[in-house]
Amino acid sequence: MGRQVPAASAATPRRTQRRTPVLARRAGVALVGAILLVSLTGCSSKDRHEWANLAMPDPATAQGEHIFLLWRWAWIAALATGAVVWGLIFYAAWRFRRRSDDEVPIQTRYNLPLEIFYTIAPIIMVVVFFVHTERTQNLVREEVPNPDVTIYVVGQQWTWTFNYLPGGEINTPDQQVLYSVGQAGNPPTLVIPVDKTVEFKLHSPDVVHDFGVPGFLEKEDVIPGPQSQDNHFQVEPTVIGDYRGKCYELCGVYHSRMLFNVKIVSDADFQSYLQQLQAQGNVAKQPLLGGITSQTQAGLQSGSEGGSE
């Protein structure tokens, strides 16, 4: 007779085989957790702040606050939905896993309540997102009839012109226009007062551009065409500071040069800046609405310094 193997000894390898994948999974989870822990603790305070903002810049306008709030709650809803979906996937994978090589899982053709749920639930989610998005859009696009400052922004290949129109906070001789003109490689500076309503009118003499400042959390197309069809929007800056703006529409070979600086300043500093433009001779009877280049615009004073700080 051949040698008999004890039952306990025969079962031991199978238990070992079952335990090995479990240990491997636990080790993998522990490794991922350790990597995340090391990565997060190695982040700078700026990086951690960006994580807290869910990769959104700090809003610098009252309108940006509404956009940021929508962004944050959209992430919370998405993470909650993801947690439910991931939980159900992992539960189903664990609860109905194969327990032996010869086991055949129960075959289910359909589950009517479950199918109704995953059909109705996404529709409800889309409706809720739509309602909150539409509400935020109305708040952001709400305009006052008489803004404190009106700036005619001209985007053209490959720079920007900022026309400060008379009225509101701007007082100029004979109701003339003050302007700041940039050149390719020498970005102009847009100066606006804090806690004032600023309206931007957007015009292009050549191709489609896109005027945007990350701190505003919004941007707007600058489309060529009649002035009556120019896009416009209003913001109320709330945080004094320096920001960067740029063109967000691929507009040609030197699109990357279409940058500009933004300064949100106090009302006194804003008035001082306007006086500086006037002293430099950056005054025109009508807004500068573009030319072959930024330096050939109709109304541009040949002796002015351009205001491109």
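The following paragraphs examine the structure supplied in this document. Source: prediction; values computed, not measured. (Residues numbered from 1 in each chain as written. Predicted model: local features only at pLDDT ≥ 70, side-chain atom pairs only at ≥ 80, totals over all residues. Heavy atoms only, no water.)

Focus on the overall build of the protein
Secondary structure assignment for the protein yields five helices and eleven strands. The buried share among the 309 residues of the protein stands at 31%. Partitioning the contacts of the protein with sequence separation of at least 6, the portion at a separation of at least 24 is 69%. Accessible surface for the protein amounts to roughly 19,500 Å². Of this, 60% is attributable to carbon and sulfur atoms. (Helix = DSSP H or I, 4+ residues; strand = E, 2+ residues; numbered from the N terminus. Buried < 20%, exposed > 50% of the residue type's maximum accessible area, 1.4 Å probe, protein only. Contact = heavy atoms within 4.5 Å. Areas by Shrake-Rupley, 256 points an atom, 1.4 Å probe, with all protein chains shown as cover.)

A word on the pattern of salt bridges
A complete count under the given rule lists three salt bridges for this structure. Residue R141 is joined to E220 by a salt bridge in which the shortest nitrogen-to-oxygen separation is 2.4 Å. A residue pair is termed long-range when its members are at least 10 positions apart, and R141 in helix α4 (residues 112-141) and E220 in strand β7 (residues 218-222) qualify at 79 residues. The partly exposed category is assigned to R141, whose relative accessible area is 37%. The salt bridge involving D210 is made with K219; its shortest N-O contact spans 3.6 Å. (Salt bridge = Lys/Arg side-chain N within 4 Å of Asp/Glu carboxyl O.)

Some points on the sheet that holds β7
Pairing in this open sheet of five strands is mixed, and the strands run β4-β10-β9-β6-β7 from one edge to the other. For this open sheet the edge positions go to β4 (189-193) and β7, each flanked by a neighbour on one side alone. With direction set aside, neighbouring strand axes in the sheet form an average angle of 25°. Where strand β6 (residues 209-213) and β7 come together, five bridges link them in antiparallel fashion. Bridged to G212 within β7 is K219. Running at roughly 135° to β4, helix α5 (residues 267-279) makes contact with β4 and β10 (259-265) of the sheet. (Pairing = 2+ DSSP bridges. Axes fitted to C-alpha atoms, helices over the stretch in contact; angles between N-to-C directions.)

A few points about the nonpolar core
Judged by nonpolar contacts, the single largest core of 36 residues is most densely connected at I151, W160, F162, Y164, L190, F200 and F211. Those residues in contact with Y164 that lie beyond four places of it in its chain are T150, I151, I170, V177, L178, T189, L190, V191, F270, Y273, L274 and L277. Within the second largest apolar cluster, five residues are counted, among which are M56, I67, F68 and V140. (Core = buried A, V, L, I, M, F, W, Y, C linked by side-chain atoms within 4.5 Å.)

A few points about α4
Between its first and last C-alpha, α4 extends 44 Å over 30 residues, near the 44 Å set by a 1.5 Å rise per residue. Every buried residue of α4 is accounted for by A121, T136 and V140. Those residues of α4 that are buried lie in contact with α3 (62-95), β7 and β8 (232-235). (Expected span 1.5 Å × (residues − 1).)

Quick look at the sheet that holds strand β3 (residues 177-181)
Read across the open sheet, the six strands follow the order β8-β5-β1-β2-β3-β11; overall the sheet is mixed. In the strand order of this sheet, the two ends are held by β8 and β11 (283-284), each with one partner. The sheet contact formed by strand β5 (residues 198-203) and β8 spans four bridges and is antiparallel. Note on β8: the bridge partner recorded for F200 is F233. Sheet strands in contact with α5 are β1 (149-156), β2 (159-164), β3 and β11, and its direction is about 85° off that of β3.

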